[in-house]
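Here is how the chains run, residue by residue.
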Amino acid sequence: MKANTNKLMRYIFLVTLLTTCCNIQSQPDSVVIGEAPNSKEIYSYERDTKFPIGSISWKKKDNTLNIVTANRLSENLNFRSIVMRYNLDNGQLLWTIAKNDNVSAALHSKHGIITIEDNILKLHDSNNGNMIWEKKLYPIYRNDSLDLIIGYKKPYNNANSIIALRLGTGEQLWEGKIKRMHNLGWDRARLIENEKMIVVADDINMVDLRTGKTITVEAKTSQNDLLKTAIGIIGISLSNILAHKMIPNGFTPYYLPQYGMGELCGLTSNIMEKDSCHYIADRECLRCFSYDMEQLWRFDFPTGNSSYSLLYGNDKMLHMVNFGYGIGRNNCRMKHSVPFIATIDPITGNSIFFKNLAPGKEPINDAIITDKDAFFMFDDRIVRQCDINDSVIKQIPWQHTQYGRPALFHCDTIYVANQNGCGFTAISCENKYLSIITDKNNLVITDSCLNLIKVYKESDLYQVGFKHGDYKYIYKHLKKSKYDSWIVHNNGTPVIHLKQEFESIRSVGDYIVFVCENKIRYIKL
């Protein structure tokens, strides 16, 4: 009886899918998406996919959109996904295919459409959706120009085998190993001359992407610690930022293994490249490597320990700032080591100066580096390096507690609603001022000595979602999942006040696309 019920449900699904395909072949509908400043209604095109939309991706060359939908028909059946390719210019559905597995992404490449279906990677013909090849893979990096995609064979932390496939054919090019029991590394990897990749996972690895030949240097990128507690302001979860996404080219986090169970991870720096040398720090030292990964010098930290860190500098000096935290339980930032700034001779590795930025394990919330100076943010003060070529450090206390504690530097344009209710004013970051977001979500503008210039309340602030030519999408959070959203000119002049609710919005070519449950809406400005 149960088998017959399952067959019936599968039949109903196929009939529903066929009906859906017939419906979406027709021309798109027009619906009101918002209002112009003169209260005139603004219409958008709309396509009903009949199923909840999971993801979309866009191809610039032919202005096509891949849409992935999913629908659970019954508790007895797995997710059923539909992948469809849609032309934005003429509003036509090009093809659609039904999937028995959950499809997390359908992406354009020069060889076709890539889909990721649970742990199966597939390539489909762009013209008709027919499958070209399929392989079991957990992808982590993709490079269209080299015609390859790299991934792990198994998702477990102790499964270190990676393989590279030829993107066009699915042929395995090579197999290697990159140990990642405690640290992923691919999110801060660096591509060198489009042929080699430096990945700081458990160790420092340089991989020849064409052959798979790997040079590995032992490193200390994590540390066992069961007693750490999450940091107040910056004790935020990072898991939702990267998980289950896949960018068009480069780091491809289809899945992220779980780290931080009884240990601190991510105790590394960015990879800085200068004059054919590579500079990398782990928790014990800063090292300089030649192009072929020969160690040229090593600088051991006087404090004996570092954490998440940032390298920056110029021709004469190499600077490193230790933020004082690692990634721990639930992918949260956890206190670890005393934050410091170190300046090193990039040629010899000799120390020019070394200074602790806090008396104890007090992590840096944020940092901003300019061509002239640097600022490091703590809960109750901001530390200024007055000249990045000098060791002078100033501790400036935060005296504006009525607006909240400093949480983040704001380095992008933000918009403020005009008091007369007509339009917005763009607040741009200028070198002579600091724009600081507090833990009360106020925007505080100060000079370099933290003297107050201006304060903007959270209720007046609109964040920039994305740029779209001469326009921007701006929004502010109201309550729960409600937003006040606008399309404005770059100077803040209103164009459209968006009235319809939507789950996501993005700029694709000449269009702005809205995802509204099982509907795609789009307008052309």
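Structure's up top.
Heads up: these notes are all about the structure in this document. On a predicted model such as this, the values are computed, not experimentally measured, just so you know.

**Some points on the sheet that holds strand 22 (residues 272-274)**
Line of reasoning, step 1. Spatially, the four strands line up as an open sheet ordered 22-23-24-25, and their pairing is antiparallel. Two strands lie at the open edges of the sheet, namely strand 22 and strand 25 (295-300), each paired on one side alone. Neighbour-to-neighbour, the strand axes of the sheet open up by a mean angle of 20°, direction not taken into account.
Line of reasoning, step 2. Looking at chain direction, strand 23 (residues 277-281) and strand 24 (residues 285-289) are connected through four bridges and run antiparallel. Paired with A281 across the strands is L286, a residue of strand 24.

**Topic: the sheet that holds strand 27 (residues 318-322)**
Line of reasoning, step 1. Read from one edge to the other, the open sheet built from four strands follows the order 26-27-30-31, with strand pairing classed as antiparallel. Each edge of the sheet is formed by a strand with only one pairing partner; in this case those strands are strand 26 (309-313) and strand 31 (351-356). For this sheet, the mean inter-axis angle between neighbouring strands, taken without regard to orientation, is 15°.
Line of reasoning, step 2. As defined by bridge partners, strand 27 adjoins strand 30 (residues 340-344) across five bridges and the pair is classed as antiparallel. Note that in strand 30 the partner of M320 across the bridge is A342.

**Some words on the state of the cysteines**
Line of reasoning, step 1. For the structure shown, the criterion picks out zero disulfides.
Line of reasoning, step 2. Take C449: it sits in no disulfide, and the sulfur closest to it among the cysteines is that of C386, at 8.0 Å.
Line of reasoning, step 3. Residue classification places C449 among the partly exposed residues on the basis of a relative accessible area of 42%.

**As for the pairing of strand 24**
Line of reasoning, step 1. Within strand 24, five of the five residues are buried, which leaves the element mostly enclosed by the surrounding structure.
Line of reasoning, step 2. Judged by which residues are buried, strand 24 turns out to be covered on both faces: C285, R287 and F289 on one side and L286 and C288 on the other are all buried.
Line of reasoning, step 3. Where strand 23 hands over to strand 24, the hairpin turn is made up of three residues, counted between the paired strands.
Line of reasoning, step 4. As paired elements, strand 24 and strand 25 share five bridges and run antiparallel to each other. Of the residues in strand 25, the one forming a bridge with C288 is W297.
Line of reasoning, step 5. Where strand 24 folds back onto strand 25 in an antiparallel hairpin, the turn is made up of five residues, including M293, whose phi is positive at roughly 70°.

Cut-offs and rules
- Residues numbered from 1 in each chain as written.
- Predicted model: local features only at pLDDT ≥ 70, side-chain atom pairs only at ≥ 80, totals over all residues.
- Heavy atoms only, no water.
- Pairing = 2+ DSSP bridges.
- Helix = DSSP H or I, 4+ residues; strand = E, 2+ residues; numbered from the N terminus.
- Axes fitted to C-alpha atoms, helices over the stretch in contact; angles between N-to-C directions.
- Disulfide = S-S within 2.5 Å.
- Buried < 20%, exposed > 50% of the residue type's maximum accessible area, 1.4 Å probe, protein only.

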